[in-house]
Amino acid sequence: MQLDTLNALAAARKDQTILDLFGNDANRAQAFSAATGDLLFDYSKTLIDAEIREALTDLCNAAGLAERREAMFSGAKINETEGRAVLHTALRNLDGGPVEVDGLDVMPEVLDTLHRMRVFAEEVRGGAISGVGGSFTDVVNIGIGGSDLGPVMATYALAPYHDGPRLHYVSNVDGAHIADTLRQLDPTRTLVIVASKTFTTIETMTNARTARAWMADGGGDPTQQFAAVSSAVDKTQAFGIPSERVFGFADWVGGRYSVWGPVGLPVMIAVGSNAFDAFLRGAQAMDVHFRAADWAENTPVMLALVGVWHRQVLGHASRAVLPYDQRLLRLPAYFQQLEMESNGKSVAMDGSALTMPSGPVVWGEPGTNGQHAFYQLIHQGTDVIPCEFMVAAEGHEPELTHHHRLLLANCLAQSEALMRGRSLDEARQRMADKGLTGDELDRQARHRVFPGNRPSSTLIYPKLTPFVLGQIIALYEHRVFVEGVLLGINSFDQWGVELGKELATSLGPIVDGEEGAEGKDGSTAALVAYAMRHRD
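To start, this report covers the structure provided alongside it. Only a predicted model underlies this, so the values are computations on that prediction, with no experimental measurement involved. (Residues numbered from 1 in each chain as written. Predicted model: local features only at pLDDT ≥ 70, side-chain atom pairs only at ≥ 80, totals over all residues. Heavy atoms only, no water.)

Things to note about the sheet that holds strand E2 (residues 39-42)
Then comes step 1: Strand order in the open sheet formed by six strands is E1-E2-E13-E12-E10-E11, with mixed pairing between adjacent strands. Bordering the open sheet on either side are strand E1 (33-36) and strand E11 (361-363), each of which pairs with just one other strand. Mean inter-strand twist for the sheet, computed between neighbouring axes without regard to direction, equals 15°.
Then comes step 2: The sheet contact formed by E2 and strand E13 (residues 456-461) spans three bridges and is antiparallel. In the sheet register, Leu40 faces E13, and the bridge partner there is Ile460. (Pairing = 2+ DSSP bridges. Helix = DSSP H or I, 4+ residues; strand = E, 2+ residues; numbered from the N terminus. Axes fitted to C-alpha atoms, helices over the stretch in contact; angles between N-to-C directions.)

What about the pairing of strand E12 (residues 387-392)?
Then comes step 1: The buried fraction of E12 amounts to six of the six residues, a majority that puts the element mostly inside the structure.
Then comes step 2: The side-chain alternation of E12 yields two buried faces, one formed by Cys387, Phe389 and Val391 and the other by Glu388, Met390 and Ala392.
Then comes step 3: Relative to E12, strand E10 (residues 318-324) runs parallel, the two being bridged by five bridges. Each residue of the ladder has a partner; that of Tyr324, found in E12, is Val391.
Then comes step 4: Pairing between E12 and E13: six bridges, direction parallel. (Buried < 20%, exposed > 50% of the residue type's maximum accessible area, 1.4 Å probe, protein only.)

Considering the packing of aromatic side chains
Then comes step 1: All told, the structure shown has 16 aromatic pairs when counted by the stated rule.
Then comes step 2: Seen from their ring centres, Phe73 and Phe290 are 6.3 Å apart, and the 45° between their planes marks the pair as tilted. Within this pair, whereas Phe73 is found in helix H5 (residues 65-74), its partner Phe290 is found in helix H13 (residues 273-292), the two being separated by 217 residues in sequence. Taken individually, Phe73 and Phe290 each receive the classification buried, so the pair is uniform in this respect.
Then comes step 3: Summarising the aromatic geometry, the rings of Trp363 and Phe374 are spaced 4.8 Å apart at their centres and angled 70° between planes, so their arrangement reads as edge-to-face. Of this pair, Trp363 sits in strand E11 while Phe374 sits in the loop between E11 and helix H16 (375-380), placing them 11 residues apart in sequence.
Then comes step 4: The ring of Phe22 is capped by Arg28, whose NZ or CZ atom sits 5.6 Å from the centre of that ring.
Then comes step 5: Between the NZ or CZ atom of Arg212 and the centre of the ring of Phe239, over which it lies, the distance is 4.0 Å. (Phe/Tyr/Trp six-rings, centres within 6.5 Å; stacked < 30°, edge-to-face > 60°. Lys NZ or Arg CZ within 6 Å of the ring centre and 35° of its normal.)

As for the sheet that holds strand E6 (residues 166-170)
Then comes step 1: Reading across the sheet, the five strands line up as E6-E5-E7-E8-E9 and stay open at both edges, with parallel pairing between neighbours. Each having just a single partner strand, E6 and strand E9 (246-247) make up the two edges of the open sheet.
Then comes step 2: When strand E5 (residues 138-142) meets E6, the two strands line up parallel, connected through five bridges. Each bridged residue has a counterpart across the sheet, and for Ile142 the counterpart in E6 is Val170.
Then comes step 3: Along the sheet, helix H7 (residues 146-157) contacts E5, E6 and strand E7 (190-195); its crossing angle with E6, the most-contacted strand, is approximately 150°. (Contact = heavy atoms within 4.5 Å.)

Right, here's the structure in full:
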């Protein structure tokens, strides 16, 4: 990515403010927004102007984004380090044509699996598939990473549509997680879904075996009350799960992109197949928009370019995702994995060292809770942290409309405050109005100065429906893809998770006391020794 022009533009505008841009253009909010249906992305509260936007979109052409985009949608093996296609978009290709991988159309199998999911989900919801003690009251999904974060996030987000069994998620190999989850459940009326593509993920399989023993000891029947999301049919059969209750997906679906297919089975059980279909159609609509819209009107592209402007040009190392929706409480964590596991790289596609910063640190919490936690740093800290707000125009509870109006007012006020700030003169006047004078007035005023000119964007939508949730997730997926193309990296492998897993495997026998810690560094050996001295 050649950033010389953008760096020069940024340097030339070092004294410009966002408020200046609004003062110079009465239509700035409209000119610096992009829409997809009723979803509106407003990035006017940034320092991007028309010339900068043009330079940013030039990056897309220079990087061959259009060609790379079509290669992804058409099934080319753009995950070059693993030799795989990247086709999570095929899982929501409900009305599209064939998609070929190695000359084979994958869509018949995708649609057949989706049909099997619908049948299974509706039979679980209706009681045709049940436990030893009767219809299922609870479903426990056991997975980790993409097999957990996606369905957890979507289940919370779609709570108003949740009319199926109660959903529970276990991911952490810490025994506390599964113990606290199972303690409240009836083993004769609980369905357990084990989500692991290879059926070898150590955390998932450890939890799955514990759940199987709990069910058998409590009078349930694991052969009747377990299902699997996996492509390792031999291993699921050996575990005791009937083949008709195993839902597989291909290696061209990465874990963090997998909620659209069988990994989303618990979500479908919770909200029903019709709502899940609407979720898929929202994502499909975003796919169509992403493939057709010009760069400046393309919502995923502009979201990505705003990110590039803040991270690679201006050097802001952190990005806050701030949904003003309690039901999106797990969305920041979901986007954290999506962005940081995808673009947290230091090596370009050709194996050379990256010559610019890679992806930012992504974090956040729902508003308004975050306002009483970390917004202090965002407003007055020494680092600029670009903020991405998202909010619905309308909530799901008509009797609590006054709550939602207050929520919306808070969201809009925060982005305005970040931009506007408060000058020292304004702060002095406030202190003078309180009766302060002299040195104390000046001292107190300085604590109340807000630098302002801090960038933010806002994603606003009518209401958080399954369709809109699908749009939002697909929007961010494509954003990550665009940023990866511009950086020249592979966004679809994750070798960074391997070393820790390998070392954990080697440390297992040492922690169990079966082997000594010879060869380990002094710190690791000392920590193992401490743990062994203090275990029961």
